[in-house]
Amino acid sequence: MLAERLPGLLPDLGDKAAMEVTAIHSLAAVRSSLTTLIRRPPFENPHHSATAAAIIGGGSGLPRPGAASRAHRGVLFLDEAPEYERRVLDALRQPLESGELVIHRSAGTAAYPARFQLVLAANPCPCGKASGKGVECTCTPLMRRRYFARMSGPLLDRVDIQLQVQRVSLADFGQAQMEEDTGAVAARVQAARRRQYDRLGYLGLDANSQVPGRILRGELKLHPRTTHILDTALERGILTARGYDRVLRLAWTLADLEHSEAPDADHIGQALGLRQAAAA
Ligand SMILES: [Zn+2]
């Protein structure tokens, strides 16, 4: 449910992004032709039984864009992620770095944009009953390890936020709580995106997720006191160099959501915690 709500929190697409998304979707469309620009960030949730070509792109003749490209500038959601083919999951690493999917076929090579927010969901174990007290779960530790091993370390290293979600009990479900509605959260996201654009627009970038490491550690360099916890994690090998940059990007977003000029040590700590929350 959270994954499906995510596109609703994202701002409308600007002219350039709308044209990119519309172009991909008209290429991918089998019959209907698109007559208006797509202005909302797309949401794609291919089933784990879908073919690699349907998700990554491909097919006979000229390679066609798959769900990952149709999710460009939007959200790609893989429910029960460990059930997907390993080669599909591994193929997602390239666009998570470069924002582009290159498909090689005998008929030729095609490169399609694929800069999406990836949401992976997984059960706590193969039978799905290990959350909460987990008394009904019959999976062995080996079965659980094998299940999660299908998602490779290099893929998970590119996932910035990892959360364990507790099972919702009937009692929780009935409780009326004062929560922010989607519109209020969307307004905060839009304000944070505007700050990012104001800071990064001159570089041709519009979101923290696109900032190259050399700029994060160059023009946007933070004080060593602020990044101390990260520097230590890197030195101890708890964090990869890629993970280091990814924590910085997330910390900038946390600062933008709070209208701060730049991340402080708390933002860095929060970002590092969000990355590791599932492992805890
Ligand atoms: Zn189980």
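Quick caveat: nothing in here was measured; it's all calculated off a predicted structure.

Calculation rules
Residues numbered from 1 in each chain as written. Predicted model: local features only at pLDDT ≥ 70, side-chain atom pairs only at ≥ 80, totals over all residues. Core = buried A, V, L, I, M, F, W, Y, C linked by C-beta atoms within 7 Å. Buried ≥ 20, exposed ≤ 12 C-beta atoms within 10 Å, placed from the backbone. Helix = DSSP H or I, 4+ residues; strand = E, 2+ residues; numbered from the N terminus. Contact = placed C-beta atoms within 7 Å. Axes fitted to C-alpha atoms, helices over the stretch in contact; angles between N-to-C directions. Left-handed = near helix turned anticlockwise from the far one by under 90°. Nonpolar A, V, L, I, M, F, W, Y, C, P; charged D, E, K, R; others polar. Domains from an automatic or database assignment. Pairing = 2+ DSSP bridges. Parallel < 35°, antiparallel > 145°, perpendicular 65-115°, else oblique. Expected span 1.5 Å × (residues − 1). Arc of directions from axis to C-beta.

Comments concerning the nonpolar core
Point 1. Ranked by internal contacts, the top residues of the largest apolar core, which has 28 residues, are A68, V75 and L76.
Point 2. Of all elements in the fold, only α2 (15–28), α3 (52–56), α4 (67–70), β4 (75–78), α5 (86–91), β5 (100–105) and β7 (117–120) reach the threshold of two or more residues within this core.
Point 3. When residues in this core are grouped by element, the largest group, 4 residues, is from β4.
Point 4. Leave out the neighbours within four places in its chain, and L76 touches E44, A67, A68, A71, F116 and L118.
Point 5. Within the second largest apolar cluster, 15 residues are counted, among which are A233, V247, I268 and A271.

Section: the packing of helix α10 (residues 182–200) against helix α13 (residues 241–257)
Each packed pair of helices is defined by two parameters, the angle between the axes and the distance between the axes.
Point 1. Across the interface, α10 lies against α13 with an axial gap of 8 Å and an inter-helix angle of 115 degrees. Crossing handedness for the pair α10 and α13: right-handed. Across the interface between the two elements, R188, A192, R195 and Q196 of α10 pack against T253, D256 and L257 of α13.
Point 2. Residues that form the contact of α10 with α13 fall into these classes: 2 nonpolar, 2 polar and 3 charged.

Considerations on the domain arrangement of the protein chain
Often the size quoted for an interface is simply the accessible area lost on bringing the parts together.
Point 1. Considered domain by domain, the protein chain is made up of domain 1 (2–159) and domain 2 (182–276).
Point 2. Look at where the C-alpha atoms of domain 1 and domain 2 centre, and you get two points 24 Å apart.
Point 3. Tallying the contact residues gives 6 residues for domain 1 and 9 residues for domain 2.
Point 4. Looking at the side of domain 1 that touches domain 2 residue by residue, the class counts come to 3 nonpolar, 1 polar and 2 charged.

Here's the deal with the sheet that holds β4
One key point about sheets: their strands pair by backbone hydrogen bonds, in either a parallel or an antiparallel sense.
Point 1. Strand order in the open sheet formed by 3 strands is β1-β4-β7, and the pairing between neighbours is parallel. Looking at the sheet topology across the chains shown, the edges are occupied by β1 (43–44) and β7.
Point 2. Where β1 lies against β4, 2 bridges are found, and the strand directions are parallel. Considered in β4, the bridge of F43 is made with V75.

Section: the pairing of β5
Point 1. Bridge count between β5 and strand β6 (residues 108–113): 6 bridges; the pairing is antiparallel. Counted as the bridge partner of V102 is A111 from β6.
Point 2. Taking the residues between adjacent antiparallel strands as the criterion, β5 and β6 are bridged by 2 residues.

As for the packing of helix α1 (residues 2–9) against α10
Point 1. Running from N to C, α1 and α10 cross one another at 55 degrees; their axes reach a closest spacing of 9 Å. Here α1 is positioned oblique relative to α10, judged by the angle of their axes. Seen along the crossing, α1 lies across α10 with a hand that is right-handed. Contact with α1, carried on its side by R5, G8 and L9, involves T182, V185, A186 and V189 of α10 and no other residues of that element.
Point 2. A per-class count over the contact of α1 with α10 returns 4 nonpolar, 2 polar and 1 charged.

With respect to α2
An α-helix turns once per 3.6 residues; consequently, residues spaced three or four apart project the same way.
Point 1. Compared with an ideal rise of 1.5 Å per residue, which puts 14 residues at 20 Å, α2 spans 20 Å between its outermost C-alpha atoms and is within 8% of the ideal.
Point 2. Those residues of α2 not exposed but buried are A17, V21 and I24. Looking straight down α2, one finds its buried side chains confined to an arc of 65 degrees; they lie on one side. Opposite the buried face of α2, at more than 90 degrees from it, the exposed residues are D15 and K16.
Point 3. On its buried face, α2 sits against β3 (64–65), α4 and β6.

Section: the environment of S49
Point 1. With respect to the helices and strands, S49 occurs in the loop between β1 and α3.
Point 2. The sequence separation of S49 and Y244 amounts to 195 residues, and the corresponding C-alpha distance is 34 Å.

A few points about the environment of P41
Point 1. Along the chain, P41 turns up in the loop between α2 and β1.
Point 2. Exposure remark for P41: the 23 C-beta atoms within 10 Å place this residue in the buried category.
Point 3. Among residues more than four places away in sequence, those in contact with P41 are P7, L10, L13, R73, G74 and V75.

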